[in-house]
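Understanding the architecture of this molecule
Listed below are the residues making up each chain.
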Amino acid sequence: MDFSPAFVLSAAFVALLAFGVPISYATGLASITALLTIMPPLPAISVTAQRIATGLDSFALLAIPFFFMAGSIMNRGGIARRLIDCAKVFVGWMPGPLAQITILANMMFGCVSGSAVAAASAIGGTMQPSMDKAGYDRSYTAAVNISSCITGLLIPPSGAFIVYSLVSGGTSIAALFVAGYLPGILLGLAVMIPAWIMAKKRGYARLPSPTLSQSSRALLSALPSLGLIIVVIGGIVGGVFTATEGSAIAVVYALALALAYRELSMDDIGQILIDTIVATAVVALMVGTSMAMAYVMSLAEIPQIIGDWVQSVSGNWIIALLLVNIVLLLMGTFLDITPGILIFTPIFLPVLVELGVDPVHFGVILVFNLSLGIVSPPTGSALFIGCAVARVSIEQVIRPLIPLFAWSTAALLVVTYVPGLSLWLPSLFGLIK
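Residues numbered from 1 in each chain as written. Predicted model: local features only at pLDDT ≥ 70, side-chain atom pairs only at ≥ 80, totals over all residues. Heavy atoms only, no water.

An unreviewed UniProt entry annotates the protein chain as TRAP transporter large permease protein originating from Azospirillum aestuarii. Reading the Subcellular location (unreviewed entry) entry of the UniProt record for the protein chain gives the comment "Cell inner membrane". Recorded under Subunit (unreviewed entry), the UniProt text for the protein chain is reproduced unchanged: "The complex comprises the extracytoplasmic solute receptor protein and the two transmembrane proteins." (UniProt positions renumbered as here; feature names shortened; annotations may be inferred.)

Some points on the overall build of the protein chain
A count of helical and extended segments in the protein chain gives 21 helices and zero strands. Relative to the globule expectation of 22 Å for 433 residues, the C-alpha radius of gyration of the protein chain, 22 Å, shows essentially globular dimensions. With respect to the principal axes defined by its C-alpha atoms, the protein chain has extents near 70 × 45 × 45 Å. Buried positions account for 55% of the 433 residues belonging to the protein chain. Within the protein chain, counting contacts between residues at least 6 apart in sequence, those at least 24 apart form 80% of the total. Accessible area for the protein chain stands at about 17700 Å²; split by element, carbon and sulfur atoms hold 70% of it. Distance between charge centroids for the protein chain: 19 Å, based on 16 positive and 16 negative side chains. (Helix = DSSP H or I, 4+ residues; strand = E, 2+ residues; numbered from the N terminus. Rg over C-alpha atoms; globule rule 2.2 N^0.38 Å. Buried < 20%, exposed > 50% of the residue type's maximum accessible area, 1.4 Å probe, protein only. Contact = heavy atoms within 4.5 Å. Areas by Shrake-Rupley, 256 points an atom, 1.4 Å probe, with all protein chains shown as cover. Lys, Arg positive; Asp, Glu negative; His and termini not counted. Charge placed at Lys NZ, Arg CZ, Asp CG, Glu CD.)

A look at a nonpolar patch on the surface
Among the surface-exposed residues, L322, I326, L330, M331 and L413 lie close enough to one another that they form a single nonpolar patch of about 420 Å² accessible area. Looking at the nonpolar patch, the element that brings in the most residues is helix α16 (residues 317-332), giving four residues. Positionally, I326 belongs in helix α16. (Patch = residues over 30% accessible without salt bridge, like charges linked within 9 Å, V, L, I, M, F, W, Y side chains within 5 Å. Salt bridge = Lys/Arg side-chain N within 4 Å of Asp/Glu carboxyl O.)

Regarding helix α19 (residues 381-390)
Taken as a whole, α19 has its buried residues at A382, L383, G386, C387, V389 and A390. For α19, the arc enclosing every buried residue in end-on projection is 160 degrees, short of the 170-degree limit, so these residues lie on one face. Considering only its buried residues, α19 is in contact with α7 (116-133), α8 (138-149) and α20 (394-417). R391 sits one or two positions beyond α19 and adopts a positive phi of about 60 degrees. (Arc of directions from axis to C-beta.)

What to know about helix α17 (residues 337-354)
With 18 residues, α17 ought to run about 26 Å at 1.5 Å a step, and its terminal C-alpha atoms sit 25 Å apart, in line with that. Taken as a whole, α17 carries its principal kink of about 45 degrees at T345; the proline P346 stands between one and four residues after it. Most of α17 sits inside the fold, with 15 of its 18 residues counted as buried. Trailing α17 by a residue or two, G356 shows a phi angle of about 100 degrees, which is positive. (Expected span 1.5 Å × (residues − 1). Bend = angle between axes of the 7 residues up to and from the residue.)

So, the packing of α19 against α20
Axis separation between α19 and α20 bottoms out at 10 Å; the angle between their running directions is 110 degrees. Relative to α20, α19 is oriented roughly perpendicular. For the pair α19 and α20, the contacting residues are L383, F384 and C387 in the first and I394, V397 and L401 in the second. Residue composition of the contact of α19 with α20, by class: six nonpolar, no polar and no charged. (Axes fitted to C-alpha atoms, helices over the stretch in contact; angles between N-to-C directions. Parallel < 35°, antiparallel > 145°, perpendicular 65-115°, else oblique. Nonpolar A, V, L, I, M, F, W, Y, C, P; charged D, E, K, R; others polar.)

Description of the packing of aromatic side chains
Counted under the stated rule, the structure contains six aromatic pairs. When the ring of W317 is compared with that of Y417, the centres are 6.1 Å apart and the planes differ by 50 degrees; the resulting orientation is tilted. You can see W317 sitting in helix α16 and its partner Y417 sitting in helix α20, a full 100 residues away along the chain. Here a set of aromatic residues connected by ring pairs shows up, and it is made of Y136, Y140 and Y204. The positively charged end of R51 is found above the aromatic ring belonging to Y295, 3.9 Å away from the centroid. Here the basic side chain of R82 rests over the ring of Y261, its NZ or CZ set 3.5 Å away from the ring centre. (Phe/Tyr/Trp six-rings, centres within 6.5 Å; stacked < 30°, edge-to-face > 60°. Lys NZ or Arg CZ within 6 Å of the ring centre and 35° of its normal.)

This is the structure we're talking about:
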């Protein structure tokens, strides 16, 4: 076996990242460099361009800009405040109530926006003044916001699952969406428990119990926002429309709701369109160049090399998943979630499927792992946003973040070794056999 293309691809990719080249450009340039060891320059460049274009030629990918737009509309349309009021009804009685409200609101906002960064910004920005007034330590509030905003990457609609479906060769998006519910809820609970313990030690006061009238108003106000989940996910699971069509419906629903709340101006709409275009362009370039890299990896037989290594260490799926988790947790600290999915799916999925791991289950494990990566230094996007919102440094937030991260990692291991948490609901709805 000729290892030179694999070595050149890996060395060029790492070297480009070390010099600060953006990851999408590093991926494309490393792919061309590796192809030059196999074919002449002109064909190498042509093949890379063709693979980038082919990688973007997917109807399923159209869902990503629509979900981005729906999340941006909700971020600016008064949705976050209503979800926070709803969360107060359920967790306001707990120790450290404002922290628990942040966690639950992040779960609810994440599952209607599908964006960790949008959740961290919207919920954290709304809750921070109240937490400051109540005397909460900012490093604690930032850690809680950062560690809980990623629940929306597991609880659908999630763009991460759409990307995984594309790269994995067509794993059912509906099955992946439904599979993310229980792991996402488990992650939220895993953050709530240490946040509760830390709040009790710090002596944060509980909120007064809301009256029945206040609770009813808060719930009724939040129901239209939460109705998006029923409309979009229910329609996708029920086969009424595809994930892409559902994403367009999500935009119409979110826009109608924001206009009904009268909290969206024409200036906001212009900025929403700009934000959507920028975010989509970033993801599209990553997807295209990563598909080119996946092609080079297949030519260089990198998945087979990794597979042989994993099977040489152990042919047992339990040990194999442990090794995969370790690699993903380490690499997730340097990679954002989209490039992480694009790079590691073709490497690990064939090996694990051969060992009996369901592709839907692995999709949940992969997204869970890489979600934890974006709350970790040195490059975690959610970490940076959470620190900016709370106006604290990364060094200040690390100490309170450690127990929250440890409990989240424990939840990851539960999801990894209890496949039923991911597969039970899709099986119940007949989405997988």
